[in-house]
Amino acid sequence: MNRAMTAPDLTPVGEGRVALQSVKIEAEIENLLCKVTIRQTYRNLEKVNIEAVYTFPLPLGAVLLDMTIKTGTKAFKGVVVEKTEAEDRYEDAITDGDTAIMLEQIDPGLYTMNVGNLQPEECIDLSITYAELLKWRENSLRFFLPTTVAPRYGDPEILGLQPHQSPDYDLMHENPFSITVSVCGALAGALIESPSHHIASQRRFGKTVVSLAKRQALMDRDFVLNLSMETDKKSMAHVERDGEGYVALASFCPRFPAPSRPAPRCITIIVDCSGSMAGDSIAQARRALCEILGLLRPEDRFNVIRFGNSHRKLFSAPVAAEAANLKKARALLEVLDADMGGTEIGQAVAAAVRSAASSTLSKEALLITDGEVWEWEKVTAMAAGSGFRFFTVGVGSSVSEAFVQSLADATGGACELVSPREEMVEKIVRHFKRIYSPRAVKVQIRWPSEPTEIFSEAIPAIYEGDTLHVFGTFDERPDGMVELQAVLENGAAWVQKVALQAGLQTQPPDEGAGTMARMAAACRMKTMKDPRDIADLGVKYQLMSPFTNCLAVDVRAEGRKALDLPVLRKTPQMLAAGWGASGSVLMNERFELRFNAERLSISKVEMSSKRLCCSTFMGYLESERRQFDGLIACINGIQMDPTAPFEKIISLIRFEKEGMPKGLVNAMKSMVDAGADEHTAVIVFLYLLSQDKRIKGGLERTTRRMIKKSYKELSDVPEELKQQIESIIESYLNPNAIDLRDCLEPLM
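Overview of the structure. (Residues numbered from 1 in each chain as written. Predicted model: local features only at pLDDT ≥ 70, side-chain atom pairs only at ≥ 80, totals over all residues. Heavy atoms only, no water.)

## Examining the overall build of the chain
Along its length, the chain carries 16 helices and 34 strands. When each of the 748 residues of the chain is scored for burial, the buried share is 55%. When contacts within the chain are restricted to residue pairs at least 6 apart in sequence, long-range pairs at least 24 apart make up 77% of them. For the chain, the exposed area adds up to about 33,000 Å²; of that, 49% sits on carbon and sulfur atoms. (Helix = DSSP H or I, 4+ residues; strand = E, 2+ residues; numbered from the N terminus. Buried < 20%, exposed > 50% of the residue type's maximum accessible area, 1.4 Å probe, protein only. Contact = heavy atoms within 4.5 Å. Areas by Shrake-Rupley, 256 points an atom, 1.4 Å probe, with all protein chains shown as cover.)

As structure tokens, this is what we get:
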């Protein structure tokens, strides 16, 4: 298993000829709805056909509404289709010489734009629009837009990212952007400030329009706006039509009464001491933690865990918050520094859980980190069943929102994001106080009429001053009051009511579902498990997901089609301001095994509960893995120069030179000796092999594409020839058809 750290390769990319020319952002905020349009302009500055690929972040709550493409005088829109279909249609367009654009979600909050067959000097404008629901945090709203992906620890390929999707970095390149944010309605009167950028604002036609003070800035940090105002109209509810029915959104911002004396807590403070925390971040974290020690009560128990490449506990287990123990903790904080290397956050979280396992008090963790790890979902899954509430503080100029927010949501805690120039001490201490603050432990939404569905049914923990968004769908239009009924930790009941009003956004009947209906569907998708169901809902409501892509194809006229395959050009990321650490991935506590789903599939086998006849089974797997790996390497090695004519360099002689297994070569030679055309046989052989799922995933994208293009150029391939080659391949890949169930002892 690959546990190597993926550190950025800080070398120039594309010799400075980056196709992404500009990024312009326009956003509008009204009530709690935010709509953002990002316009990316690509131009091919080279003399060869290119495929421009750009991986970029969006907020975790972003719901894609539209993708519009402009090429010259032509404008057209992208369509969301099932992922595999989108990939096949994209590759077909590329090998046919047409222009294709595909947007894919590769991780929560992370997307890859593919712009294929961009000819020399050609220019394409892409506009993607998304909607997001903002949340009150007491008297403040936060508009957050990430602009770069900070280097993360771990191997992105373990998560299924392909090489063209993984972010690259170029110290010599600068990506600029401009942004305009229009704040409408009552919020136009809010106090607006940015801790991340210098901004200018003006009132225009009843709106407050915010832009960058110097028109442009570099994409090396999150863009943040804080909107502050005191108002008693933070809760609201809206309803609008969705097809034959209706969809409603209720937003509550409760203010719970403070308890007289919160119950004792068992609190573990976990602080990131990796190199990326160096400077202001670690200094402010140190000051904040000193204040937090002063807030602990004698009846509480606590511990402090630092982590980087490794983790260190101050105490072997949580201790009473008495004077002697607090003195030791303060002594530790005096020397607390960002000097522990990488970000082995999984081990630190696991250590916190183990050390407090025997405590009977309510278990809480305050985690301060920049959270840049690839395998964050494993950490979240581990913490979700730990019995801990995680209160996360995401710090730095390019926070991994997906990690810190998901960890808090999964454990019933809360998340706070802090930019480097914000008052980190104040925000961390305020966030820590949430551990003692009242929260609703039982929540129920009462609608004026019976809904057909509520999203999400698993309502997360609600803290005093936070915002809860809930969607409901109805056969008939609901009318009246929506009621939030909550039971607090001390048993007290609490109720808040809000009247339903007309929808936030209307949509012409001929343009499909409206914004609210699509956001409700996106919320519903997060509660679904079956990939097929998620894909179907994504296609119906035109929503991005791990199982749906947004695709657009511009079919070129004959004579204007690309004659050669494009050369890959990745758009490099800028390093996040202040980044500077290294590390390695967390340990995987489970053994994961996937093998030939048609015969047997075992995944995430608990070694403690299931026994394998390892010597036979693993030996077979290793033998087959080496066999497949060798074959894949051989095929990838046939074509090293993507600009060279592929069909002229492949032959049985070349197969032998590249080390193709003799059994395969001899079988193919027999076919040719019997009269089959060698060129056709070789192309068909490679094409069929490239479609085999045991081989396909290991082939390089360019190799698959060249094979497909060559296959398309064949005419009238005899069916008998295809069957013979399929038989040769299957005989080689599956010679014994071993029933692996014979290799397993009875599973308990």
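## Regarding the environment of Ala 562
Position of Ala 562 among the secondary structure elements: in the loop between strand E33 (548–554) and strand E34 (567–570). Along the sequence, Ala 562 and Thr 99 sit 463 residues apart, while their C-alpha atoms lie 8.4 Å from each other. In this view, Ala 562 contacts Asn 49, Gly 97, Asn 117, Gln 119 and Arg 556; residues no more than four positions away in its chain are not counted.

## A short note on the packing of helix H13 (residues 678–691) against helix H16 (residues 719–733)
Relative to each other, H13 and H16 sit at 50 degrees, their axes nearing to 10 Å. Taken as axis vectors, H13 and H16 run oblique relative to one another. Every pair of crossing elements has a handedness; the one defined by H13 and H16 is right-handed. Where H13 approaches H16, its residues Thr 680, Ala 681, Val 684, Phe 685, Leu 688 and Leu 689 are matched on the opposing element by Leu 721, Lys 722, Ile 725, Glu 726, Ile 729 and Leu 733. (Axes fitted to C-alpha atoms, helices over the stretch in contact; angles between N-to-C directions. Parallel < 35°, antiparallel > 145°, perpendicular 65-115°, else oblique. Left-handed = near helix turned anticlockwise from the far one by under 90°.)

## What about the pattern of salt bridges?
Under the criterion given, the structure shown has 38 salt bridges. In this structure, the salt-bridge partner of Glu 416 is Arg 137, at a minimum N-O distance of 2.9 Å. On the criterion of sequence distance, the pair formed by Glu 416 in strand E26 (residues 414–418) and Arg 137 in strand E10 (residues 136–137) is long-range, its members being 279 residues apart. Residue Glu 416 is classed as buried on the basis of its relative accessible area, which comes to 7%. (Salt bridge = Lys/Arg side-chain N within 4 Å of Asp/Glu carboxyl O.)

## Some details on the packing of aromatic side chains
Enumeration over the complete set of coordinates arrives at 10 aromatic pairs. Between the aromatic rings of Phe 432 and Tyr 436, the centroid separation amounts to 5.8 Å while the plane-to-plane angle is 85 degrees, which identifies the pairing as edge-to-face. Summarising the burial analysis for this pair, Phe 432 and Tyr 436 share the class buried. Clustering of aromatic rings is evident, with ring pairs tying together Tyr 54, Phe 56 and Tyr 111. One cation-aromatic arrangement involves Arg 152 over Trp 374; the distance from NZ or CZ to the ring centre is 4.9 Å. (Phe/Tyr/Trp six-rings, centres within 6.5 Å; stacked < 30°, edge-to-face > 60°. Lys NZ or Arg CZ within 6 Å of the ring centre and 35° of its normal.)

## A word on the packing of helix H4 (residues 345–355) against helix H5 (residues 376–384)
For the pair H4 and H5, interaxial distance at closest approach is 10 Å and the crossing angle is 5 degrees. Considered as vectors, H4 and H5 are oriented roughly parallel to each other. For the pair H4 and H5, the contacting residues are Ile 345, Gly 346, Val 349 and Ala 350 in the first and Val 379, Met 382 and Ala 383 in the second. Looking at the contact of H4 with H5, its residues break down into six nonpolar, one polar and no charged. (Nonpolar A, V, L, I, M, F, W, Y, C, P; charged D, E, K, R; others polar.)

## Observations regarding the nonpolar core
Membership of the largest hydrophobic core comes to 56 residues, with the highest contact counts inside it found for Tyr 42, Leu 103, Met 113, Phe 143 and Val 181. Looking at this core element by element, the count peaks at five residues for strand E1 (residues 20–30). Setting aside residues no more than four positions away along its own chain, Phe 143 makes contact with Ala 27, Ile 29, Cys 34, Val 36, Ile 179, Val 181, Phe 223, Val 224 and Leu 225. Formed by 38 residues, the second largest nonpolar core is a distinct cluster that contains Ala 414, Val 418, Met 424 and Val 429. (Core = buried A, V, L, I, M, F, W, Y, C linked by side-chain atoms within 4.5 Å.)

## As for the sheet that holds E10
Spatially, four strands are ordered E10-E11-E17-E13 in an open sheet, and the strand pairing comes out antiparallel. Looking at strand neighbours, the two that pair on one side only are E10 and strand E13 (191–193), the edges of this open sheet. (Pairing = 2+ DSSP bridges.)

## Observations regarding unusual backbone geometry
Even without being a glycine, Phe 205 presents a positive backbone phi close to 50 degrees. With respect to the helices and strands, Phe 205 occurs in the loop between strand E14 (199–204) and strand E15 (207–212). For Gln 542, which is not glycine, the phi torsion reads 55 degrees and is therefore positive. Relative to the elements of secondary structure, Gln 542 occurs in the loop between helix H9 (531–541) and E33.

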